[in-house]
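Chains, contacts and geometry: an overview
Listed here are the chains, written in short residue letters.
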Amino acid sequence: LGVLRDGYAVNRRLGVNALVQYNGEDDELSTNVRLNWIWAPGSDLFVVLDTRRGEIGEPDGPSHEVFAVKFTRLMRF
């Protein structure tokens, strides 16, 4: 199992994180990329792309792709 993790902060409110994993036993590559935008204290937007490719080198190998968006807003009463 090989893992590569990296993060980059554009500024205090915008950042990108990436995780890449390779499983040599199953010949599978997984990636996860997340964008986090904090637009107000306690309120943010996450955009996530998660992929998994099995049997690298074979075009018909099993694959998995997820695109998710999460919006959070802090409401004060």
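Reading guide: rules and limits
Residues numbered from 1 in each chain as written. Predicted model: local features only at pLDDT ≥ 70, side-chain atom pairs only at ≥ 80, totals over all residues. Heavy atoms only, no water. Helix = DSSP H or I, 4+ residues; strand = E, 2+ residues; numbered from the N terminus. Buried < 20%, exposed > 50% of the residue type's maximum accessible area, 1.4 Å probe, protein only. Contact = heavy atoms within 4.5 Å. Areas by Shrake-Rupley, 256 points an atom, 1.4 Å probe, with all protein chains shown as cover. Phe/Tyr/Trp six-rings, centres within 6.5 Å; stacked < 30°, edge-to-face > 60°. Pairing = 2+ DSSP bridges. Salt bridge = Lys/Arg side-chain N within 4 Å of Asp/Glu carboxyl O. Axes fitted to C-alpha atoms, helices over the stretch in contact; angles between N-to-C directions.

Quick notes on the overall build of the chain
Tallying secondary structure elements over the chain gives zero helices and five strands in all. Reading the helices (α) and strands (β) of the chain from amino to carboxyl end gives β-β-β-β-β. The buried share among the 77 residues of the chain stands at 14%. The long-range fraction of contacts in the chain, counting pairs at least 24 apart against all pairs at least 6 apart in sequence, stands at 26%. Here the chain has roughly 6,100 Å² of accessible surface; of this, 56% comes from carbon and sulfur atoms.

Some words on the packing of aromatic side chains
To describe a pair of aromatic rings, one takes the distance between the centres and the angle between the planes. According to the stated counting rule, one finds one aromatic pair in the structure shown. A ring pair is formed by Trp39 and Phe71, whose centres lie 5.7 Å apart and whose planes are at 5 degrees; its orientation type is stacked. Remark: Phe71 occurs in strand 5 (residues 63-72) and Trp39 occurs in strand 3 (residues 28-40); sequence separation between them is 32 residues.

Some details on the pairing of strand 1 (residues 2-9)
Within strand 1, only zero of the eight residues are buried, which leaves it mostly out in the open. Here eight bridges tie strand 1 to strand 2 (residues 14-23), and the two strands are oriented antiparallel to one another. Opposite Val3, over in strand 2, you have Gln21 as the bridge partner. Hairpin connection between strand 1 and strand 2: a loop of four residues separates the two successive antiparallel strands.

Quick notes on the pattern of salt bridges
Tallied over the entire structure, the rule returns one salt bridge. Put simply, Glu65 and Arg53 hold a salt bridge, and the shortest N to O gap is 2.6 Å. Here Arg53 lies in strand 4 (residues 43-54) and Glu65 lies in strand 5, a separation of 12 residues in the sequence. Take Arg53: its relative accessible area is 37%, and that puts it in the partly exposed class.

Some words on the sheet that holds strand 4
Taken in spatial order, the five strands make up an open sheet running 1-2-3-4-5, and their pairing is antiparallel. In this open sheet, the two strands that pair with only one neighbour each are strand 1 and strand 5. On average, each strand axis in the sheet is tilted by 10 degrees relative to the strand beside it, whichever way the strands run.

Description of the side chain of Ser30
Relative to the helices and strands, Ser30 resides in strand 3. According to the relative accessible area criterion, Ser30 is buried, its value standing at 18%. Apart from the residues lying within four places of it in its own chain, the contact partners of Ser30 are Leu19, Val20, Gln21, Thr51 and Arg52.

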